[in-house]
Amino acid sequence: MKQKTVRVKNKLGLHARPSALVVKAATKYRSDFFIEKEGTRVNGKSILGVMMLAAECGSVLELIVDGVDEDYLLEEIEGILNQDFGE
Amino acid sequence: MKEITVRDFFDAKKKDLALSLISEPQTLAKKINSPHVNRPGLALAGFLEIFAAERIQVFGETEVRYLQSLKEEDLLIRIREMFKLDIPCIIVSKGLSLPPIMEYLANDLNIALLSSRFATINLISHLSRYLQDIFALEKTIHANLVDVFGRGILLTGKSGIGKSECALDLIHRGHSLVGDDLITLRYIDDQLMGRPGRDFGYFMEIRGVGFVNVEHMFGIERTRTQKTIDMQIELMPWQDNMDYERIGFSDSYAEHLGVKIPIIYIPVSPGKNVSVIVEVAAINMILKGVGYDAAEDFNHKLHEEIRKKSMQKKIDNETKNSESKE
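Residues numbered from 1 in each chain as written. Chains lettered and ligands numbered in written order. Predicted model: local features only at pLDDT ≥ 70, side-chain atom pairs only at ≥ 80, totals over all residues. Heavy atoms only, no water.

For the rest of this paragraph, the subject is the overall build of chain B. Looking only at helices and strands, one finds nine helices and 19 strands in chain B. Relative to the 2.2 N^0.38 estimate, which gives 20 Å for 326 residues, the radius of gyration of chain B is 30 Å and therefore markedly larger than a compact globule would have. In terms of overall dimensions, chain B has a C-alpha envelope of 110 × 65 × 30 Å along the principal axes. Across the 326 residues of chain B, 42% fall into the buried class. Partitioning the contacts of chain B with sequence separation of at least 6, the portion at a separation of at least 24 is 69%. Across chain B, the mean location of the 41 positive side-chain charges is 1 Å away from that of the 46 negative side-chain charges. (Helix = DSSP H or I, 4+ residues; strand = E, 2+ residues; numbered from the N terminus. Rg over C-alpha atoms; globule rule 2.2 N^0.38 Å. Buried < 20%, exposed > 50% of the residue type's maximum accessible area, 1.4 Å probe, protein only. Contact = heavy atoms within 4.5 Å. Lys, Arg positive; Asp, Glu negative; His and termini not counted. Charge placed at Lys NZ, Arg CZ, Asp CG, Glu CD.)

Here is the structure:
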């Protein structure tokens, strides 16, 4: 199991499009994936869950991965969250 | 290019268009190969440089009155000029009577002369609809076509994926079948129409049961002879890496005969109730049509929530800052 703290970088926060990217990327992997924000933990493979976090720009997310391909999963999700989505 | 003989047309539409044959029966052998009709107007006045001779020529009151106004010898020249251009047939509306010389020339040059009791405008619109139908572009594909809440849903996917089972389930829920397995798509009025690929009746093949007749089993009200296609739903085996639509923003289209229709891909796995998903997709489409888009609505609410949080954070920071200054 691995854990990493990241910040939401894009201006409009985790709205539908970025959330969909995160979830679509995550579902490719076998590892479990959770996102925690201010004490709320959601399944990172559930689109509604991720969007319900309503993570604004600058907010802190805890990414928790667990499984055989956890490193790759974590790397890809970080990559997505580092984008600004042209906002 | 498709073509029909004037005789085919006459036999098919005799009743509907209240047609009668003025010329001799052997004049019916000519071929029609254009989906349009023409009113000769200027051609009768001698302007033949631009003249759609291959079309059915409709003579309304204007043409007939003009011909009646001509002197016998002029009339003969004009009619002969036009008849030599190999027109398929002439239809006179309102049962108007033509100069006798025309009938003589029609028989002589082998051009069918028909008379309809319809008014010109009705005759033309009826004719256009019939010809468009006859000459429509078409192709036959492997699919099922169902009417779900009034929307034509084309179900596609590999053989054995469960298209027929899904269609049967939809019929069982009160929707209607247009066709199973083979669907003929036709391009009509800028839309895609679908009808059964063969005319055997509403049979379906259900694996494990064999043939069932939907009309006998569920009643004629669960069948449709044809339907405009509004959406295509492709059923596919569940694949772990497939990019399934998760929100409903993406607009994918399938193209048939040059018409684009929205397409959605639905993963199928054992025990998954696909027909409910098809129903939901149809209703969602109706909602979008009347201006409600669930994906947009949800995202709008989410943006609001995120904005509120950002504002709150800003306010908190400012208060913190001013407090620390003090």
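In this assembly, 25 residues from chain A lie in contact with 16 residues from chain B. Summing the contributions of chain A and of chain B, the shared interface buries around 1600 Å²; its carbon and sulfur component is 62%. Taken as a group, Lys24, Ala54 and Glu56 of chain A account for 32% of the area that chain A buries against chain B, more than any other trio of residues on that side. Taken together, chain A and chain B are joined by one salt bridge. With a closest N to O distance of 3.1 Å, Glu56 of chain A and Lys313 of chain B form a salt bridge. (Buried area = accessible area lost by both parts, 1.4 Å probe. Salt bridge = Lys/Arg side-chain N within 4 Å of Asp/Glu carboxyl O.)

Now for the sheet that holds strand β6 (residues 89–92) of chain B. Residues and elements named next belong to chain B. Pairing is mixed across the open sheet formed by five strands, whose spatial order is β2-β7-β6-β5-β4. Only two strands of the sheet have a single partner each, and these edge strands are β2 (19–21) and β4 (37–38). Here three bridges tie β2 to strand β7 (residues 112–116), and the two strands are oriented antiparallel to one another. Opposite Leu19, over in β7, you have Ser116 as the bridge partner. Sitting on the sheet, helix α2 (residues 61–69) touches β5 (56–59) and β6, and the angle it makes with β5 is about 70°. (Pairing = 2+ DSSP bridges. Axes fitted to C-alpha atoms, helices over the stretch in contact; angles between N-to-C directions.)

Of the residues in chain B, 98% have a pLDDT of 70 or more, and the chain-wide mean is 90. By mean pLDDT, the top-scoring element of chain B is strand β9 (residues 144–148) of chain B (97), and the lowest-scoring one is helix α9 (residues 294–325) of chain B (86). (pLDDT = per-residue confidence, 0-100.)

Residue and element names in this part refer to chain B. Considering the arrangement of structural elements, one finds Gln232 in strand β17 (residues 231–237). When its relative accessible area of 5% is taken as the criterion, Gln232 is described as buried. Of note is the side chain of Gln232, whose polar atom sits 2.9 Å from the side chain of His256. Not counting the four nearest positions on each side in its chain, Gln232 is found in contact with Leu154, Thr156, Ala254, His256, Ile261, Pro262, Ile263 and Ile264. (Polar contact = N/O pair within 3.5 Å; in protein donor to acceptor, adjacent residues only side chain to side chain.)

Another point: the sheet that holds strand β4 (residues 60–66) of chain A. Two orientations exist for strands paired in a sheet by backbone hydrogen bonds: parallel and antiparallel. All names here are of chain A. Read from one edge to the other, the open sheet built from four strands follows the order β1-β4-β2-β3, with strand pairing classed as antiparallel. A single partner strand is all that each edge strand has here, and the edge strands are β1 (2–7) and β3 (40–43). Mean inter-strand twist for the sheet, computed between neighbouring axes without regard to direction, equals 25°. Looking at chain direction, strand β2 (residues 32–37) and β3 are connected through four bridges and run antiparallel. Residue pairing for β3: Lys37 is matched across the bridge by Thr40.

Put simply, an interface is often sized by how much accessible area is lost when its parts join up. Residues and elements named next belong to chain B. Taken as a whole, chain B is organised into domain 1 (4–135), domain 2 (137–292) and domain 3 (294–326). For domain 2 and domain 3, the distance between their C-alpha centroids amounts to 45 Å. Opposite the five residues of domain 2 that make contact, domain 3 presents five residues. Across the domain 2 to domain 3 interface the summed buried area is about 420 Å²; carbon plus sulfur atoms make up 60%. Counting the surface domain 2 buries against domain 3, the share from its top three residues, Ile247, Phe249 and Tyr292, is 86%. (Domains from an automatic or database assignment.)

It is worth spelling out the packing of helix α1 (residues 6–13) of chain B against helix α5 (residues 120–135) of chain B at this point. Residues and elements named next belong to chain B. Where α1 contacts α5, the two axes come as close as 13 Å, and the packing angle between them is 115°. Of the two possible hands of crossing, α1 and α5 adopt the one that is right-handed. Along its contact with α1, which presents Asp8, Phe9, Ala12 and Lys13, the element α5 presents His126, Leu127 and Tyr130. Of the residues in the contact of α1 with α5, the class split is four nonpolar, one polar and two charged. (Left-handed = near helix turned anticlockwise from the far one by under 90°. Nonpolar A, V, L, I, M, F, W, Y, C, P; charged D, E, K, R; others polar.)

Here the focus is the environment of Arg224 of chain B. All names here are of chain B. Take Arg224: it is sitting in the loop between α7 (214–218) and β16 (227–228). Residue Arg224 is classed as partly exposed on the basis of its relative accessible area of 31%. Arg224 has contacts with Asp147, Ser176, Leu177, Val178 and Tyr202, leaving out every residue within four places of it along the chain. One polar contact links the side chain of Arg224 to the main-chain carbonyl oxygen of Glu221, over a distance of 3.5 Å.

Our focus in this paragraph is the environment of Arg30 of chain A. Residues and elements named next belong to chain A. Along the chain, the position of Arg30 falls in the loop between α1 (16–26) and β2. Placed 36 residues apart in sequence, Arg30 and Asp66 show a C-alpha to C-alpha distance of 9.0 Å. Those residues in contact with Arg30 that sit more than four places away from it in its chain are Lys45, Val68 and Asp69.

Our focus in this paragraph is the side chain of Thr184 of chain B. Residues and elements named next belong to chain B. On the secondary structure map, Thr184 appears in strand β12 (residues 182–188). A distance of 3.2 Å separates polar atoms of two side chains, one belonging to Thr184 and the other to Thr140. Every residue in contact with Thr184, bar those within four places of it in the chain, is listed here: Glu138, Lys139, Thr140, Met193, Gly194, Arg195, Pro196 and Gly197.

We now examine the packing of α1 of chain A against helix α3 (residues 70–81) of chain A. Packed helices, taken two at a time, are described by the angle their axes make and the gap between the axes. All names here are of chain A. Running from N to C, α1 and α3 cross one another at 165°; their axes reach a closest spacing of 10 Å. Compared by their axis directions, α1 and α3 come out roughly antiparallel. Every pair of crossing elements has a handedness; the one defined by α1 and α3 is right-handed. Between α1 and α3, the contacting residues are Leu21, Val22, Ala25 and Ala26 on the first element and Leu73, Glu76, Ile77, Ile80 and Leu81 on the second. Its residues placed into classes, the contact of α1 with α3 shows eight nonpolar, no polar and one charged. (Parallel < 35°, antiparallel > 145°, perpendicular 65-115°, else oblique.)

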